[in-house]
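What follows is each chain in one-letter form.
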Amino acid sequence: TINIGDSVLYIPAYFADYQTDLSEIIIPNNVTSIGRCAFYNCSSITSVSIGNSVTSIGNSAFYGCSSLTAIIIPNNVTSIGDSTFNGCSNLRDVTSLSTTPPSLGSSCFSAAGILKVPCGSLNSYRYSSWLDYFIIMEEVCDNITITVTSANENMGTVSGGGEYEFGAQVTITATPNQGYRFVCWNDGNTDNPRTIT
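Report follows, based on the coordinates. Note that the structure is a prediction, hence the values are computed from the model and not measured.

### Digging into the packing of aromatic side chains
Moving on, step 1. Tallied over the full model, the rule gives 12 aromatic pairs.
Moving on, step 2. The interplanar angle of 80° and the centroid separation of 5.9 Å between the aromatic rings of Phe15 and Phe39 together place this pair among those described as edge-to-face. Here Phe39 lies in the loop between β4 (33-34) and β5 (47-50) and Phe15 lies in the loop between β2 (10-11) and β3 (24-27), a separation of 24 residues in the sequence.
Moving on, step 3. Given the relative accessible area of 37%, Phe15 is considered partly exposed.
Moving on, step 4. For Phe39, a relative accessible area of 0% puts it in the buried group.
Moving on, step 5. Between Tyr40 and Tyr63 the ring centres are 5.0 Å apart and the planes differ by 10°, which places this aromatic pair in the stacked class. With Tyr40 in the loop between β4 and β5 and Tyr63 in the loop between β6 (56-57) and β7 (70-73), this residue pair connects regions lying 23 residues apart in the sequence.

### Quick look at the sheet that holds strand β11 (residues 114-118)
Moving on, step 1. Taken together, the four strands give an open sheet; going across it, the order is β7-β9-β11-β12, and neighbouring strands pair in parallel fashion. The sheet is open, and its two borders are formed by β7 and β12 (136-140), each paired with just one other strand. Going across the sheet, the axis of each strand differs from the next one's by a mean of 20°, ignoring polarity.
Moving on, step 2. Here five bridges tie β11 to β12, and the two strands are oriented parallel to one another. Opposite Lys116, over in β12, you have Glu138 as the bridge partner.

### Quick look at the pattern of salt bridges
Moving on, step 1. Taken as a whole and judged by the stated rule, the model has two salt bridges.
Moving on, step 2. Between Asp93 and Lys116 there is a salt bridge, with its nearest N and O atoms 3.4 Å apart. Here the residue Asp93 occupies a position in strand β9 (residues 93-96), and Lys116 occupies one in strand β11, the gap between them amounting to 23 residues.
Moving on, step 3. Asp187 is the salt-bridge partner of Arg194, the closest N and O atoms lying 2.7 Å from each other.

### Looking at a nonpolar patch on the surface
Moving on, step 1. Residues Ile114, Ile135 and Ile136 make up a contiguous nonpolar surface patch of about 300 Å² in total accessible area.
Moving on, step 2. Looking at where Ile114 falls in the secondary structure, it is placed in strand β11.
Moving on, step 3. Using a relative accessible area of 31% as the deciding quantity, one classes Ile114 as partly exposed.

About the cut-offs
- Residues numbered from 1 in each chain as written.
- Predicted model: local features only at pLDDT ≥ 70, side-chain atom pairs only at ≥ 80, totals over all residues.
- Heavy atoms only, no water.
- Phe/Tyr/Trp six-rings, centres within 6.5 Å; stacked < 30°, edge-to-face > 60°.
- Helix = DSSP H or I, 4+ residues; strand = E, 2+ residues; numbered from the N terminus.
- Buried < 20%, exposed > 50% of the residue type's maximum accessible area, 1.4 Å probe, protein only.
- Pairing = 2+ DSSP bridges.
- Axes fitted to C-alpha atoms, helices over the stretch in contact; angles between N-to-C directions.
- Salt bridge = Lys/Arg side-chain N within 4 Å of Asp/Glu carboxyl O.
- Patch = residues over 30% accessible without salt bridge, like charges linked within 9 Å, V, L, I, M, F, W, Y side chains within 5 Å.
- Areas by Shrake-Rupley, 256 points an atom, 1.4 Å probe, with all protein chains shown as cover.

See the structure below:
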C-alpha cells in the first residue's frame, strides 16, 4: 500500500512503475496531478482512491494495472492522457463524477465496461469520445447519505452530514470545544473544514 503525504502536490512521472507487489494506492486531496507512467505496469493493484483535487491524469499513468476492476474519477479531473488505463484488462466499472466529460487521450481504455455518470450528464458523455470506450453508460441519480460523528462530543462537534445528490461536493467541519483542538478525521485526513465528493 502507498499512502501519500499531505504535503505532496503532484505524483511525478514513473513514481512507482513496475511495482508488482503494490495492491492499494490512496491519493489524498492535496494532490492536483498524476504524472505519466506513475503506476505503469503495477499489475497487482486492486484499489485506487484518487483525491478530489486531481485535475489531470497523465499518459499511461495506470497502464497495465491488470488487477484493477473499478475506478472512480473525481469531478475536478478535466483531462485523462493517452493510454492512461490501457492494459487494464479487468477494468469493467468506471465512474466519472464530473458532469462535463473530461477530455480523453488516444487508447485511453482497453476493455469495454460500464460507465456511470452523474444524473443529468448522460447525453454529454454519449456525444463525446467516451462513447469510443463504453457501450453501456448509465446515470447514477441516487442520493448519498453522509454521516459524520464526533469521537467524543465533550471534546467537540462535527457538521455537514445529510443526504446529498450523487457527485455533489460537501463540506464537513469539526468544531473543537474550548481547551481542545482538531487532530484528524478517522481516515487520517487533517483538512478542516474538509470538502468531499
